[in-house]
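Residue-level structural notes
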Amino acid sequence: MSAAGRLWLAGCGTMAGAMLRRWLSSGLDPAAVTVVRPSGRPVAPGVAVHAAPPAGTPDLLLLGFKPQKLAEAAPRFAPHVGPDTILVSILAGVELATLRRAFPAAGAIVRAMPNTPVAIGEGVVGLFGEGGPEAPANATVAALMAPLGLVEWIADEALFDVVTALAGSGPAFLFRFIDALGAGGAALGLAPDQAARFALATVQGAAQLAARAEAPPAALAEQVASPGGSTRAGLAVLDEAGALARLVEATLAAATRRNAEMAQAARDATA
Ligand SMILES: NC(=O)c1ccc[n+]([C@@H]2O[C@H](COP(=O)([O-])OP(=O)(O)OC[C@H]3O[C@@H](n4cnc5c(N)ncnc54)[C@H](OP(=O)(O)O)[C@@H]3O)[C@@H](O)[C@H]2O)c1
């Protein structure tokens, strides 16, 4: 049995599947896990998979389907959620109040925002629970999330859409940057496959160095950029009129807005 007891996953696609992979590789007993997914496709040895919720009540139910599926899925799972069930939702945008309306009997509800690197224990998980920081369910949820990477509680639910944009979507933005770095090198004459390898290794090495260094990333950038040198010439392009900072802020703002739209759609669909 897991620290969270009987664990049900409602949906096990890219994101919930990445979480489950890490939990299993960190020692979670597959017999404690039940996956419910319409396709009924197998997930991992020893993990029970059902196309519809089986009889019973889990100790922890993780909602891992798309936000657009909430209105359809909630009535099927709600009868399996009781006062001893902790409900954890990874649905982008969808607010606690909406979840509480859909699962009125749940003992506790916590929003979690993971990202795909949790599959290798290098992810980020933002958490926000309706009971505040001292709620008893928080310790159970935090313990379950611990093997996934950096786990932090968010002070204000209003910030959850930004957390989703930065950490939840963030890997996609960085994957784009890796591709752009490689494509830039290829455009200037490197063999595309070699440029792609160098780009990925450069980003990997820089991220690991930044993670281990005491100096902040801005200081590390200064260490690379000799006065009057070539890095300085490149940074001048990124920094001109705050080009990179503005692009990234606009990127996060667009993703944040979309999360808010999905929250509204979920409110409307479950009203
Ligand atoms: N992808 C990310 O990086 C990421 C990051 C953070 C949060 N999220 C959140 O994670 C959730 C899932 O995203 P995803 O990218 O993992 O999507 P996905 O790969 O399409 O997976 C969706 C899962 O939901 C299942 N499903 C569909 N209808 C269902 C129903 N009525 N009842 C139960 N399960 C149902 C699907 O079942 P089948 O497998 O049988 O088709 C599938 O397993 C979303 O709410 C998203 O906001 C995603």
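The structure this text deals with has already been given above.
Residues numbered from 1 in each chain as written. Predicted model: local features only at pLDDT ≥ 70, side-chain atom pairs only at ≥ 80, totals over all residues. Heavy atoms only, no water.

**Observations regarding helix α2 (residues 70-77)**
Within α2, burial applies to Leu70, Ala73, Ala74 and Phe77. Along the axis of α2, the buried positions cluster into a sector of 105°, meaning they face one direction only. Looking at the packing, one finds that the buried side of α2 touches β1 (7-10), β2 (33-36), β4 (60-63), α3 (96-102) and α10 (243-270). (Buried < 20%, exposed > 50% of the residue type's maximum accessible area, 1.4 Å probe, protein only. Helix = DSSP H or I, 4+ residues; strand = E, 2+ residues; numbered from the N terminus. Arc of directions from axis to C-beta. Contact = heavy atoms within 4.5 Å.)

**Quick notes on the site of the ligand**
By nearness alone, 25 residues border the ligand, and Thr14, Met15, Arg37, Ser39 and Phe65 come closest of all. Gly13 is positioned such that a nitrogen or oxygen atom in its backbone is 3.1 Å from an oxygen atom of the ligand. For the ligand, an oxygen atom lies 3.0 Å from a polar atom in the backbone of Ala92. When the ligand is considered free in solution it has 900 Å² of accessible area, and contact with the protein chains removes 81% of it. A molecule is said to occupy a pocket when more than half its atoms come within 2 Å of that pocket's grid points, and by this definition the ligand occupies the second largest pocket. Those elements giving two or more residues to the shell around the ligand turn out to be α1 (14-25) and α2. Counting residues per element, the shell around the ligand draws most heavily on α2, at four residues. Residues belonging to the shell around the ligand are distributed by class as follows: 13 nonpolar, six polar and six charged. (Near = heavy atom within 4 Å. Polar contact = N/O pair within 3.5 Å; in protein donor to acceptor, adjacent residues only side chain to side chain. Areas by Shrake-Rupley, 256 points an atom, 1.4 Å probe, with all protein chains shown as cover. 1 Å grid on protein atoms, 1.4 Å probe; cavity = no way out; pocket = protein on both sides within 12 Å on 5 of 7 lines; lining within 4 Å. Sits in = over half its atoms within 2 Å of the grid points. Nonpolar A, V, L, I, M, F, W, Y, C, P; charged D, E, K, R; others polar.)

**As for the pairing of strand β6 (residues 108-113)**
A large share of β6 lies buried, amounting to six of its six residues. Side chains of β6 alternate between two faces, with Ala108, Val110 and Ala112 and Ile109, Arg111 and Met113 buried alike. Taken together, the four bridges between strand β5 (residues 86-89) and β6 define a ladder with parallel strand orientation. When the sheet's bridge partners are listed, Ile86 is paired in β6 with Ala108. Crossover connection from β5 via α3 to parallel β6: handedness right-handed. Pairing of β6 with strand β7 (residues 123-129), which is carried by four bridges, proceeds in the antiparallel orientation. When the bridges of β7 are listed, Met113 appears paired with Gly126. (Pairing = 2+ DSSP bridges. Right-handed = clockwise from strand over helix to strand, strands pointing away.)

**Here we look at the nonpolar core**
If you look at the biggest cluster of nonpolar residues, it comprises 30 residues, and the most contacted ones within it are Leu9, Met19, Trp23, Leu60, Val88 and Met145. Contributing elements (two or more residues each) for this core: β1, α1, β2, β4, β5, β6, β7 and α4 (136-145). If one sorts the elements of this core by residue count, α1 sits on top with six residues. For Met19, the contacting residues outside a window of four places in its chain are Leu62, Ile90, Pro114, Val118, Met145 and Leu148. Core analysis: the next-biggest nonpolar cluster, separate from the first, contains 28 residues, Val81, Val94, Phe160 and Ala266 among them. (Core = buried A, V, L, I, M, F, W, Y, C linked by side-chain atoms within 4.5 Å.)

**Quick look at the sheet that holds β1**
Here we have eight strands laid out as an open sheet, ordered β3-β2-β1-β4-β5-β6-β7-β8, and mixed in their pairing. Both edges of this open sheet fall to β3 (48-50) and β8 (149-153), since each of them pairs with a single strand only. The average undirected angle you get between the axes of adjacent strands in this sheet is 20°. Against the sheet, α1 makes contact with β1, β2 and β4, and its axis sits at roughly 155° relative to β1, the strand it touches most. Strand contacts of helix α5 (residues 160-168): β6 and β7, with the helix running at about 40° to β6, the strand carrying the most contacts. (Axes fitted to C-alpha atoms, helices over the stretch in contact; angles between N-to-C directions.)

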